[in-house]
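Notes for the structure review
Take a look at the letters that make up each chain.
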Amino acid sequence: MAHKKEKTFQFMIVGGGIAGVTCVEQLSSQIPSADIALITAGSHIKAVTNYKQVSKTLEEFDVEERPSSVLEARFPNLTVIHPAVKSLNTQSHTVETADGRVFGYEKLCICSGGRPKLLTQDNPYVLGIRDTDSAQAFQKQLSKAKRIVIVGNGGIALELVYEVEGCEVIWAVKDKAIGNTFFDAGAAQFLIPSLEADKPERAAPCRRPRYTTEEPAAGASQTFTAGLSLPHGLVTDLSSFSVEYECEVEKIFTAEDLHNSPQQTLRPENGENWVCCSDSSANLGTWPVYILLTNGKTFGCDFVVSATGVVPNTEPFLHGNNFALADDAGLQVDDHMMTSEPDVYAAGDVCTACWEHSPLWQQMRLWTQARQMGWYAGRCMAAHVLSEPIELDFCFELFSHITKFFNYKVVLLGKFNAQGLGPNHELLVRCTKGQEYVKVVLSGGKMVGAVLIGETDLEETFENLMLNQMDLTQYGEELLNPNIDIEDYFD
Ligand SMILES: Cc1cc2nc3c(=O)[nH]c(=O)nc-3n(C[C@H](O)[C@H](O)[C@H](O)COP(=O)(O)OP(=O)(O)OC[C@H]3O[C@@H](n4cnc5c(N)ncnc54)[C@H](O)[C@@H]3O)c2cc1C
Ligand SMILES: NC(=O)C1=CN([C@@H]2O[C@H](COP(=O)(O)OP(=O)(O)OC[C@H]3O[C@@H](n4cnc5c(N)ncnc54)[C@H](OP(=O)(O)O)[C@@H]3O)[C@@H](O)[C@H]2O)C=CC1
């Protein structure tokens, strides 16, 4: 670093997402006199609003983007610095920003988040969604699209397939059921009818008609075809929605690529006759981009959404240091959120929790965990400066997540998908179509996980049963008997 150091801060945080902002808030409240810098790439920061502690470990809040000046107004000792960090030198305890300024730190917390793990880089027809800018780019493209293909089976895909309207959606998933990151095939089956129903908030006239469903055969696609006879002039696009199960992407190519290799024969997609490009060139070039799946089908579309997870954002600014990285490329952190480099902490999507986890907790890259890690990292940084002891926070005892999919409240607790339990577990399921889906995971007679979809009101009781690890063997299936008030039962 050739430039002169402008100033050294006692605490420096890189990244204005949930983790970074919560870390700033925590440090500022613990050591109000501390000199803190927040260096972030954009002009806006992410703020937690309407925070609500639902139970011992479950929390709910909204996330809002706000100008970073709002944070500076709240904390007089905070300096927000733009633009992004270009490089970090852990030996000299300095960072250099993209505009060439150099700042020193005593303790640093890296909260640079993650970026979409795209199917392919630099293809303008393959979009990832990460932040406001990419969401706006997606919306712009969507407004003109007739058909899109969504690849991936996690949170973003689940949200998109429910929200996208007015265009045909083909959803390609690797698995036998939808939403495998969050639930099992039973829950998927419970949720699928929501894709056919009119959405509660939708005002007439609806842009996507009602759908009828067909059960998928193993490895087949499930198609929801338009089931309404539409009044003339109201809706012109008979859009449809279909899932291609158990397949991955073999190739993404443009019409130009097809012209260049005309002997390439591609199997026809559902209901269309253009794709066998060697003998039917009539429709060649109709779509800007084509996607060939491993089930042999090729779909033309306006663009492909790559909803295939995130990779920790460590490149390129952490190069040249000796950070220990986990298998998922996250910065390894210990139970004090410390990386392998001295005085450097990390929190949120960029890090991988490498302490010995509680048997009922796992890391998932979510808002809640970004907030909890940012908060705990702030506490650890302050405790180290003040030479106070600190123990791993209680929030890492039990995995918990509240969210909404297909307009249902979804609560996930503990090893909700029996993660890491092997065959050594038992499942209890209660399901009322269109109302609720309750799944409990038991291991050795104790409750270790649950998926609660709908207004089940069971989260607090189940959370307690998991935290106290009571032996439930004697209750058997009665645990989910809807006629028993389980809350009173275990009071
Ligand atoms: C489309 C989408 C929807 C989601 N929906 C949900 C949901 O409903 N519920 C949920 O729990 N989770 C959701 N998530 C996941 C959640 O957004 C993340 O887990 C969470 O935001 C991670 O927070 P973070 O602070 O670690 O990182 P981020 O929020 O990604 O923030 C990283 C920050 O670092 C900054 N930065 C990056 N590099 C640099 C650099 N070199 N120098 C300076 N600053 C830098 C960025 O500008 C940004 O401000 C969603 C994710 C996506 C992409
Ligand atoms: N409401 C909520 O809680 C929401 C949370 N999020 C979070 O935001 C982050 C980003 O979301 P998202 O991108 O959906 O990530 P997720 O990690 O949730 O899901 C990624 C999905 O893509 C699959 N996948 C990975 N690589 C490929 C590939 N090459 N081909 C086909 N499928 C692939 C994964 O399968 P496999 O697991 O088998 O690798 C997984 O099903 C996640 O951390 C997610 O938890 C996002 C939206 C909503």
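Residues numbered from 1 in each chain as written. Chains lettered and ligands numbered in written order. Predicted model: local features only at pLDDT ≥ 70, side-chain atom pairs only at ≥ 80, totals over all residues. Heavy atoms only, no water.

Another point: the nonpolar core. Core analysis: the biggest nonpolar cluster contains 104 residues, and Ile110, Ile148, Ile150, Trp171, Met337, Phe406 and Ile453 have the highest contact counts within it. For this core, the element with the most residues is helix α8 (residues 367-385), which contributes eight residues. Ignoring sequence-local partners within four residues, the contact set of isoleucine 148 consists of Leu142, Val164, Cys167, Glu168, Val169, Ile170, Cys301, Phe303 and Val305. Counting 26 residues, the second-largest nonpolar core is a separate cluster that includes Leu58, Leu360, Leu442 and Met447. (Core = buried A, V, L, I, M, F, W, Y, C linked by side-chain atoms within 4.5 Å. Buried < 20%, exposed > 50% of the residue type's maximum accessible area, 1.4 Å probe, protein only. Helix = DSSP H or I, 4+ residues; strand = E, 2+ residues; numbered from the N terminus. Contact = heavy atoms within 4.5 Å.)

Further remarks concern the confidence of the model for the chain. Mean pLDDT over the chain works out to 86, with 86% of the residues at or above the 70 mark. Note that residues 202-238 has pLDDT below 50 and, in this model, 81 contacts with residues that lie over four places away or in other chains. Interface confidence for the predicted complex, given as ipTM, is 0.98, next to a pTM of 0.90. (pLDDT = per-residue confidence, 0-100.)

Attention now moves to the UniProt feature "domain: FAD/NAD(P)-binding" (unreviewed entry) in the chain. Per the UniProt record, "domain: FAD/NAD(P)-binding" (unreviewed entry) is annotated on residues 10-164 and 291-374. Along residues 10-164 the backbone is 26% helical and 39% strand, and the end-to-end C-alpha distance reaches 46 Å. Between the first and last C-alpha atoms of residues 291-374 the distance is 39 Å; the span itself is 10% helix and 27% strand. (UniProt positions renumbered as here; feature names shortened; annotations may be inferred.)

Two cysteines whose sulfur atoms are joined by a covalent bond form what is called a disulfide. Taken as a whole, this structure holds zero disulfides when the rule is applied. Its sulfur unpaired, cysteine 301 is 9.6 Å from the next cysteine sulfur, which belongs to cysteine 167. Cysteine 301 sits in the buried class, given a relative accessible area of 0%. Of all cysteine sulfurs in the structure, the one in cysteine 111 sits closest to cysteine 351, which takes part in no disulfide; the separation is 8.2 Å. Classification of cysteine 351 by relative accessible area gives buried; the value is 0%. (Disulfide = S-S within 2.5 Å.)

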